[in-house]
Every structure is written in C-alpha cells, then in structure tokens.
Amino acid sequence: MFFLNKRWYNTEVIITNNDAIGDLRMDFDIQYLSFFVLQVDGQGEQADKAFKHYQTLDQASYEESTLKDFLDGELMKVAKRKVERNPKSDQVPTKIGRFIVEPGYNLDTNPNYNMFNRIRTAQTSEDFKDNSEQLVRAYMDTSAIRGGALLVLRAKFNKYFDEPFVFVLKCDFEQKVASITDEKTMIRHVERAITTKNMKSIQYPYMPEEGMLEEWELKIHQSSHARYFEDFLKFVEYHQSMPEIVKTQVIQMAQQHIAETYQEESPERQQEEEYIEAWSNTPVREMQEKWTPEQVVEASAPIIEHQPEIELKLKLDHIDVKAMLSDFGVSLHIAKVNGKYVIVIEGDSFTFEKGVSPVEFLKPEPLDEVLKKIGR
C-alpha cells in the first residue's frame, strides 16, 4: 500500500507494505511509467475534476523506485487473469474489447487504437509522458470517475515478445487508513492511500495465451457494475455474453417460425412479430405455450452445440430449478395437469446439502399416484 502526501505537488511516496502476490515473478521489464493522481470532488456532472502528473520513470529510474516493490508481480497477474470471450453473464469484471473500424479500413482509423499505439511506440520519456497525459485527459471525461492514482506503463514480456505491452492501472483512494506509529500515539491518520487490491486495469494488446498477441483486442478489468473503461473507450466493442447470444438465436428461431406459419403482411403475422418484440424486452417472462417439446429440442440443439454447458433456469411459483438446457426432453420434462404446470425431473440419486429436513427420509410414491393427487 502507498501513502500519498496530501499536498498536491509533493511527490513523496512512502511504501508501508507490499501487496504483490508472492508466487508471481515479475517477468515484465518496465520501459516507461507515468504516475498521475486524480482528484475528484463532488459527483456526476457537477464534480470538480483535476489531475496531476507526479513523475515519468524510465527503466533505470523505475528499478530504483519504491514503485518497483509495489507493482512486483502485478503485471503478470493482470496478463494471466482469466477472461471469457463470451462470458456467462453481462455483469462480469473482465472483458475482451475489440477496436471498431469501418469495413475495409485499417486499425489506424480507430482513435482508441491510435491513443494506445502512440504510447506503445513513444521514443523518449517526454513523448511517453505527453501521450500518457492525453489518455488521462480522455479518462477524466468519464461521468463516474473516482479519485485515485492512475499509472500508465509500457513493458516488455521478454520471454516471448520484442513488441511491448501498454498497461493502464487505476487504484482508488482507500478510506480510513492509518499507519502504526509508537506505543503512545499508536496510529497516524493517512489522508490518501492506494493499494493494488481491487485495482482496475487495461492491457493492450490482449494475449490469448503466452506467445500469442491479438493487436485488434485489449483486455479490461473493472468492478462488474462499473463502466469506467467502457465509457472511456468509446471506439471499442465487447463480445456478446452467452445470454445475449442465446437470446438472439431464440428470437431468430421465433421469427422463422412466424414466417413459416403466417402469410406475409397478414394481420396475424404482424401481431405475432410485435408480440415477440415485446417478449424479448421483458425481464420476467411466462411460458408462451407455442412450440411442441420436439420443436423446443430442435431449437435448442444449435445452442447446445455452441455452448454445451449453457444453463437453464426456471421458477415455478416460488420454487427455483437450475439445470442445463441439454437436460430438457432428456431428464427434465414440463407438463400440464388440470391447468397447472408440472415439472418432472428424473435421475438416479438424490443428494441433500445443508438444511436438514424430514424429506430426506421419504419413500417416494409411484409417479402415477402423484399425478392422480395433482389431478384431484
């Protein structure tokens, strides 16, 4: 953790402990590092925002600085952080972004790429500092920005590459931090402190695996609810999550079913198309009762082929059911008896965890007896 002197122009930095992961050796050589402090007073559009450049270090001065101990292992941690190209949720902290260009145009037509590339190819410390400052200015324009330290680094992963990487690291100010002093005073209040814990990061270019680079892509890591980097990188798009992909495929299948069922430009077809549009934008949806079980299995097949472990979540009244989409029609069945929905789940064994109950001692009845009770 770093403690920063509250005076805006004081460059003194005191390191009190090392938050780096002990088993991650620093395999990156830092070529340049620019250290900025962001000050944000207030919130939203009324916030008063400013930043101060503290220092820009070259490789020799970085090796002698206290930042070396603070960051030891952190770049490898960022580079090795797991990320899914198509995540299981929309709200994930780590994402792969791809620079947007018009069809037929090159990467250098993308402003965000050019910003990173200028940092990546800077020839002097002054050039690196100036280009890093342009990045900080762009970052300061985001609406939800918080105060803290922002570090822009250029580093080489000598094991595989001659080409350098650009890392952007954002550490928020920690609240209610104190340092231990003597027996009489015990603690001293620290106005501003930063730590590598919960550090946000950008890595460019993205390294899918060691020894491979993807110059069209970068990797961002931020709080799952935040959009700091997405707001800041306006010309970067992100891969669809699996729920988004499945939703798109289901809508396309429903539209195809409508096209095959109703005549073109008929009132019934228009009504069904409007219904599907409304259904697709409803967060809590009910059973539509339009397709047979065989049609559902057929529609599910390409989704399962693309993502075999795609989840299926149902809620029958207050009862939650969590299964795989591939279970439907095989070990999970849905039926209706006397106007009520029935979910039948078949399997070879039961397992109970936590919450001990008398149900564990049940001797199950034959299914037809249960269905008779439901029918009554």
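My aim in this report is to walk through the structure given alongside it, one point at a time. Being a predicted model, the structure only gives us computed values, none of them experimental.

Looking at the pairing of strand β6 (residues 148-157)
Most of β6 sits out of view: ten of its ten residues are buried. In the sheet, strand β3 (residues 28-41) pairs with β6 via ten bridges, with the strands oriented antiparallel. Bridging from a neighbouring strand, L38 pairs with G148 of β6. In the sheet, β6 pairs with strand β7 (residues 165-172) via eight bridges, with the strands oriented antiparallel. Residue L150 lies in a different strand from β7, and its bridge partner there is K170.

A word on a nonpolar patch on the surface
A cluster of nonpolar residues, F350, F352, V359 and L362, forms a patch on the protein surface that exposes about 480 Å² of accessible area. If you trace the backbone, V359 turns up in the loop between β17 (340-345) and α10 (367-375).

Looking at the packing of helix α7 (residues 242-261) against helix α9 (residues 293-306)
Remark: α7 packs on α9, axes separated minimally by 11 Å, with the N-to-C direction vectors making an angle of 145°. For the element pair α7 and α9, the recorded crossing hand is right-handed. Listed contacts from α9 to M242, V246, Q249, V250, M253 and H257 of α7 are Q295, A299, P302, I303 and H306. A class-by-class count of the residues in the contact of α7 with α9 yields seven nonpolar, four polar and no charged.

Overview of the sheet that holds β3
Across the sheet, which stays open at both edges, the eight strands sit in the order β4-β3-β6-β7-β11-β12-β5-β13 with antiparallel pairing between neighbours. Across the chains shown, the open sheet's two edge strands, defined by having one partner strand only, are β4 (48-58) and β13 (236-238). Taken over all neighbouring pairs, the strand axes of this sheet differ in orientation by 20° on average, direction set aside. Pairing geometry for strand β5 (residues 94-99) and strand β12 (residues 217-221), over five bridges, is antiparallel. Residue pairing for β12: T94 is matched across the bridge by H221. Those strands touched by helix α5 (residues 125-140) are β3, β4, β6 and β7, and its axis lies near 40° from that of β3.

Definitions and limits used
Residues numbered from 1 in each chain as written. Predicted model: local features only at pLDDT ≥ 70, side-chain atom pairs only at ≥ 80, totals over all residues. Heavy atoms only, no water. Buried < 20%, exposed > 50% of the residue type's maximum accessible area, 1.4 Å probe, protein only. Helix = DSSP H or I, 4+ residues; strand = E, 2+ residues; numbered from the N terminus. Pairing = 2+ DSSP bridges. Patch = residues over 30% accessible without salt bridge, like charges linked within 9 Å, V, L, I, M, F, W, Y side chains within 5 Å. Areas by Shrake-Rupley, 256 points an atom, 1.4 Å probe, with all protein chains shown as cover. Salt bridge = Lys/Arg side-chain N within 4 Å of Asp/Glu carboxyl O. Axes fitted to C-alpha atoms, helices over the stretch in contact; angles between N-to-C directions. Left-handed = near helix turned anticlockwise from the far one by under 90°. Contact = heavy atoms within 4.5 Å. Nonpolar A, V, L, I, M, F, W, Y, C, P; charged D, E, K, R; others polar.

It is worth stressing that arrangement in space is one thing and function is another; only the former is reported here.
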